[in-house]
Structures are given as structure tokens and as C-alpha cells.
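# Observations on chain architecture
What follows is the residue order along each chain.
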Amino acid sequence: MGRAVNSPSKFKPGDRVTVKFEDRPGHLRTPWYIRGKSGWIERVYGQFRNPESLAFGRDGLPKKTLYLVAFNQSDVWGRTSEPKDKVLVDIYEHWLESSVGEGTSS
Amino acid sequence: MNEVANPEHGHDHPKHELSHYAKRIYAIRDLLIEKGVITEKDIQCQIEYQEARSPANGAQLVARAWVDPEFKARLIADPKSACAELGIDASAINEFVVLENTEQLRHMVVCTLCSCYPRPILGRPPDWYKSFNYRQRAVVDPRGVMREFGLNPGDDVEVRVHDSTADIRYLVLPLRPKGTENWSEADLAKLVTRDSLIGVMDPLDAISE
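Residues numbered from 1 in each chain as written. Chains lettered and ligands numbered in written order. Predicted model: local features only at pLDDT ≥ 70, side-chain atom pairs only at ≥ 80, totals over all residues.

## What to know about the overall build of chain A
For chain A, the helix and strand inventory stands at two helices and five strands. Starting at the N terminus, the α and β elements of chain A follow one another as β-β-α-β-α-β-β. The buried share of chain A, reckoned over its 106 residues, is 33%. Counting only contacts in chain A whose residues sit at least 6 apart along the sequence, the fraction spanning at least 24 positions is 63%. (Helix = DSSP H or I, 4+ residues; strand = E, 2+ residues; numbered from the N terminus. Buried ≥ 20, exposed ≤ 12 C-beta atoms within 10 Å, placed from the backbone. Contact = placed C-beta atoms within 7 Å.)

## Some points on the sheet that holds strand β1 (residues 16–19) of chain A
Spatial ordering of the open sheet is given by β5(A)-β1(A)-β2(A)-β3(A)-β4(A)-β3(B)-β2(B), a layout of seven strands whose pairing is mixed. The open sheet terminates on both sides in strands that have one partner only, identified here as β5 (96–98) of chain A together with β2 (105–110) of chain B. Strand after strand, the sheet turns through a mean of 35° between neighbouring axes, direction not considered. Bridge count between β1 of chain A and strand β2 (residues 38–48) of chain A: three bridges; the pairing is antiparallel. If you follow arginine 16 of chain A over to β2 of chain A, its bridge partner there is tryptophan 40 of chain A. (Pairing = 2+ DSSP bridges. Axes fitted to C-alpha atoms, helices over the stretch in contact; angles between N-to-C directions.)

## So, the domain arrangement of chain B
By convention, interface size is frequently given as the accessible area that disappears when the constituent parts associate. Partitioning chain B into structural domains gives domain 1 (16–51) and domain 2 (55–198). Between the C-alpha centres of domain 1 of chain B and domain 2 of chain B the distance comes to 32 Å. (Domains from an automatic or database assignment.)

## Some thoughts on the environment of valine 192 of chain B
Tracing the chain through its elements places valine 192 of chain B in the loop between α10 (185–189) and α11 (194–198). Remark: the alpha-carbon pair of valine 192 of chain B and proline 177 of chain B, spanning 15 residues in sequence, is separated by 9.6 Å.

## Comments concerning the pairing of strand β4 (residues 168–173) of chain B
All names here are of chain B. The buried fraction of β4 is high, at six of six residues. Judged by which residues are buried, β4 turns out to be covered on both faces: Ile168, Tyr170 and Val172 on one side and Arg169, Leu171 and Leu173 on the other are all buried. Pairing of strand β1 (residues 95–100) with β4, which is carried by six bridges, proceeds in the parallel orientation. Counterpart to phenylalanine 96 in the pairing with β4 is arginine 169.

## As for the packing of helix α3 (residues 55–67) of chain B against helix α4 (residues 69–77) of chain B
All names here are of chain B. For the pair α3 and α4, the least separation of the axes is 5 Å and the interaxial angle reads 130°. The angle between α3 and α4 falls in the class oblique. You can see that α3 and α4 cross each other, and the crossing is left-handed. Where α3 abuts α4, its residues Leu61, Arg64 and Ala65 lie against Phe71, Lys72 and Leu75. (Parallel < 35°, antiparallel > 145°, perpendicular 65-115°, else oblique. Left-handed = near helix turned anticlockwise from the far one by under 90°.)

Next up, the structure:
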């Protein structure tokens, strides 16, 4: 369905990223608690239709690259009893910015 | 639209007081049928389809993975075709990912935004999965939530919470219970609970007869 999109992904596994801190009306699939937080790309899931468009009956095109992004619990909540614990969130590329040195990959 | 009970259009509506949303759902259903968009039978078939899917599908996948390492590798590499091998229809899932627990790593799944859940594999989500309580606390305090379910991962275990916010649906592949070395696949499947596939519990213990 739709046109084939083979646009290259901007990030690769291991890349440090920061989630944009944005808010606007609409169907945003990036949870509040993770906006502005830094982590790293765990996995590249590929191209998916954009839910911010699909939710309003539009075609969701162009597709967006979806990533599995990992965050240290301590980087998200500022404290944790178990430093090795992580939260992993599925995030579309347009929510991510390159960052260096923030969020430590294990 | 105010009168919900209308004996003239062929079916009964519940007689008790309906919530605003329930009234709206019935009104939309009636309009869709009236305008010929869908039929009563379509709705009934869909309800039966939803109800037919259950955690037994997930249990079957896990039990096979426990007894057959090659199947396990395929289940992790390409979960949808592994489902097809066992006759499980996972086509409704956009993308399906299996998270393997180990002695050092434990996964837990939540959808903080709504209630995304691998329905073809697990059926309908439990009410607690959709509660604000679980959705908030699973990401903030996963170990605390696990403790309430009776799990207590040690300090040497890494806990990974997956917030299922987009097109991916997750299934946890729990560790095979100790003492089940000679068990049949069918008996193993009985140990695999729904909650162990969400990651908040272990499978049932092997109880010697």
C-alpha cells in the first residue's frame, strides 16, 4: 500500500540520541516522560506510516523510521535503586536528535 | 438518539442505565447497520474472532520454543512466520518482537499511552494492563510492580521495561521452569500464564505429581 519508501535511516544502533521536548495538538505517540531525555538507539525497526497523520484519517505518508530507543532508568527519573535497569521506547525519527555523551550505553 | 431501547430494529439493548459512551457506541452501531456499512452478522463474527484469541496461542509458542531450539531461533528472528508454522494468525500485528528472558535479563511490557497489546497472540488485555496505576508505575518503578506480582529479581538481574508506543507488539519469552526437563510440549504449555508473557510473573512452577 502507498508508495515505496526506502529513505535511509538517520541513526544506527548505538547512536546517542535525545528526544525532542515538543508539545503540540495532535496524536503524539511519544510519551511525555521521555521527551527531552537522552538514550541510545537499540534497534532500527524500519519504515512505518506516521500515526500523527493516520489518526486524522490521512495516509500517514511519508513513512517515518521507527526506532527502539533505550534509556537508563536513572537518566529518565533521576534516581533508581538498580542502575542497570532500562526503559525502552518505540520512537519515530522526527522526534529524535543526535546527541553526544548523554545517556550511557551499557 | 435519547431512547436507547428501541424494539423496532430487530435486537434488544441492555435494559440497565447506559453510560454516555455506551449509548454512543449503540447509536453508531445502529447507524452503521441502518446505512448498510456493516451487518449484524459482521459484528457477531468480529466478537467471536476477538474472543477466540487467547493466551493459549502465546503459551503454545513458548512451549515449542522451550523444547525446540531451532524453533526458538526462528521465533526470535521472525516471530510472524514462526506463528504461521503453528497455525497462529498473527497477520493483524504490524510488527511482532519476542523478548527473551535470561538469568541476567528480565523484560516487562507496558503501553503507557493506551493499551497496545499483542491481541492475536494473547487475546484481550487484562483490566490491570489498561489501568492508569500499571501504566504509570510500570515505567517508574518496574521492580516495585514486579514485587506486587510476586517477583523479586536480584541485584544482578537487569530489568528492561518496554513501552509499546507504536507499531511494535511485544511478547516475553520466559525462562523454562526448573525441573521440567522431561516434560512434553503440551504439559509445558500449561505452565505458561498470560502474565508471564507480559513479563510481570514467572511461569507456574513444576509441581511433581
